[in-house]
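# Observations on the model geometry
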Amino acid sequence: MKTLSPKEHKRNAIVTGAFFITATATAIIGVILYDPILLDPDYLITGVKNSNQIVLGAIFETILAISAIGTALMMYPYLKNFNESWGLGYVCFRMLETVFILIGILSMLAIVTLSKEYVKLGPSEIQSFQITAKLLKTTRDSTFVLGRHFMLGVNTFIYSLLFFKSKLVPMQLSILGITGAVSIFIGSILEMFGVISPTSGLIIVIALPIAFYEMILAVWLIRKGFNLNAIINEQ
């Protein structure tokens, strides 16, 4: 890593923390705004009635995707100092998480477009639109599990393990990150096999450790920054 001043390291830590907070906040808001499609069985009807709300949800999820990329770009220079291969692995899995988020956004916007045409259809055309909409909704649900749970678990485990080894942040915080990553990863596997639903209360409980971790990490980075002694020792 290029030699930076303590002030520059502090600035980078603040930006990284801000990205984490933005990612968590926009992820929650986006899901809430999608409720008319995600929770209503007649989502092709409610989709057109709440089209602006769904589009707003897509905007928040786009900000989520940008924030996820931002955390990867900000942390990679620090992580690669301790293990370049693992640091690159973190970036790759974070980018894959973002790709799945974007596919989910496109699916939701496509459902909104379908819903606007659906209300104009005659009885003979309704079924094909319902099948297409169901496929899009299933795609969105699958990308949610793969991106926001599976890939998130993998990339969080990688950078938290590097934090633990490098001591860039306190050890207790790194352990919380590893625990949260393993928890959401196991949850994603259970979702894939249909043991639990992506909308169940249980998956929310499983996801809480990683949500708490990201918020605590964000606040720590903004207030304290990265451990400068750990950075200096690796230079």
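All values reported here derive from a predicted model rather than from experimental measurement.

Conventions adopted
Residues numbered from 1 in each chain as written. Predicted model: local features only at pLDDT ≥ 70, side-chain atom pairs only at ≥ 80, totals over all residues. Heavy atoms only, no water. Helix = DSSP H or I, 4+ residues; strand = E, 2+ residues; numbered from the N terminus. Buried < 20%, exposed > 50% of the residue type's maximum accessible area, 1.4 Å probe, protein only. Contact = heavy atoms within 4.5 Å. Areas by Shrake-Rupley, 256 points an atom, 1.4 Å probe, with all protein chains shown as cover. Lys, Arg positive; Asp, Glu negative; His and termini not counted. Charge placed at Lys NZ, Arg CZ, Asp CG, Glu CD. Patch = residues over 30% accessible without salt bridge, like charges linked within 9 Å, V, L, I, M, F, W, Y side chains within 5 Å. Salt bridge = Lys/Arg side-chain N within 4 Å of Asp/Glu carboxyl O. pLDDT = per-residue confidence, 0-100. 1 Å grid on protein atoms, 1.4 Å probe; cavity = no way out; pocket = protein on both sides within 12 Å on 5 of 7 lines; lining within 4 Å. Points joined across faces, edges and corners; volume = space filled by probe spheres on them. Nonpolar A, V, L, I, M, F, W, Y, C, P; charged D, E, K, R; others polar. Phe/Tyr/Trp six-rings, centres within 6.5 Å; stacked < 30°, edge-to-face > 60°. Lys NZ or Arg CZ within 6 Å of the ring centre and 35° of its normal.

## With respect to the overall build of the protein chain
Across its full length, the protein chain holds 9 helices and 0 strands. Going residue by residue from the N terminus, the α and β elements of the protein chain occur as α-α-α-α-α-α-α-α-α. Its C-alpha atoms give the protein chain principal-axis dimensions of roughly 70 × 35 × 25 Å. Expressed as a percentage of the 235 residues in the protein chain, the buried residues total 45%. Here the analysis covers contacts within the protein chain between residues at least 6 apart in sequence; of these, 77% occur between residues at least 24 apart. For the protein chain, the accessible area works out to roughly 11600 Å², and carbon and sulfur atoms hold 69% of it. Side chains of the protein chain carry 17 positive and 13 negative charges; the gap between the two charge centres is 11 Å.

## A closer look at a nonpolar patch on the surface
A contiguous nonpolar surface patch, about 830 Å² in accessible area, is contributed by W86, F157, V182, F185, I186, L190, M192, F193 and V195. The element that contributes the greatest number of residues to the nonpolar patch is helix α7 (residues 171–192), accounting for 5 residues.

## A few points about the pattern of salt bridges
Counted according to the given criterion, the structure contains 5 salt bridges. The closest approach of N and O atoms between E97 and R94, which form a salt bridge, is 2.8 Å. With a gap of 3 residues between them, E97 and R94 both fall in helix α5 (residues 84–118), about one helical turn apart. Take R94: its relative accessible area is 2%, and that puts it in the buried class. Salt-bridge contacts for R140 lead to D141; the nearest nitrogen and oxygen are separated by 3.8 Å.

## Observations concerning the confidence of the model for the protein chain
Per-residue confidence for the protein chain averages 93 on the pLDDT scale, and 97% of its residues sit at or above 70. Looking across the protein chain, the model is least confident in helix α9 (residues 228–234), with a mean pLDDT of 79, and most confident in helix α4 (residues 51–79), with 97.

## Brief notes about the layout of surface pockets
Considering only enclosed or pocket space, the largest pocket measures out at about 850 Å³ in volume. Forming the boundary of the largest pocket are 32 residues, of which V31, F144, R148, H149 and A207 lie nearest the centre. When residues of the lining of the largest pocket are traced back to their parent elements, those giving at least two are α1 (6–33), α2 (35–38), α4, α5, α6 (123–166) and α8 (201–223). Considering every element that reaches the lining of the largest pocket, the biggest residue donor is α8, with 8 residues. Among the residues forming the lining of the largest pocket, the class breakdown is 20 nonpolar, 4 polar and 8 charged.

## Details of the side chain of T71
Looking at where T71 falls in the secondary structure, it is placed in helix α4. Excluding residues within four positions of it along the chain, T71 makes contact with T16, F19, F20, Y90 and R94.

## Regarding the packing of aromatic side chains
By the definition in use, this model includes 7 aromatic pairs. Between the aromatic rings of Y90 and Y159, the centroid separation amounts to 5.2 Å while the plane-to-plane angle is 75 degrees, which identifies the pairing as edge-to-face. With Y90 in helix α5 and Y159 in helix α6, this pair connects stretches of sequence that are 69 residues apart. Each member of the pair, Y90 as well as Y159, carries the same accessibility label: buried. Taking the centre distance of 5.4 Å and the plane angle of 75 degrees together, the rings of Y159 and F163 count as edge-to-face. Of the two residues, Y159 and F163 both sit in helix α6, 4 residues apart, roughly one turn of that helix. The buried category is assigned to Y159, whose relative accessible area is 1%. For F163, a relative accessible area of 1% translates into the label buried. Sitting over the face of the ring of Y43, K137 holds its NZ or CZ atom 5.8 Å from the ring centroid.

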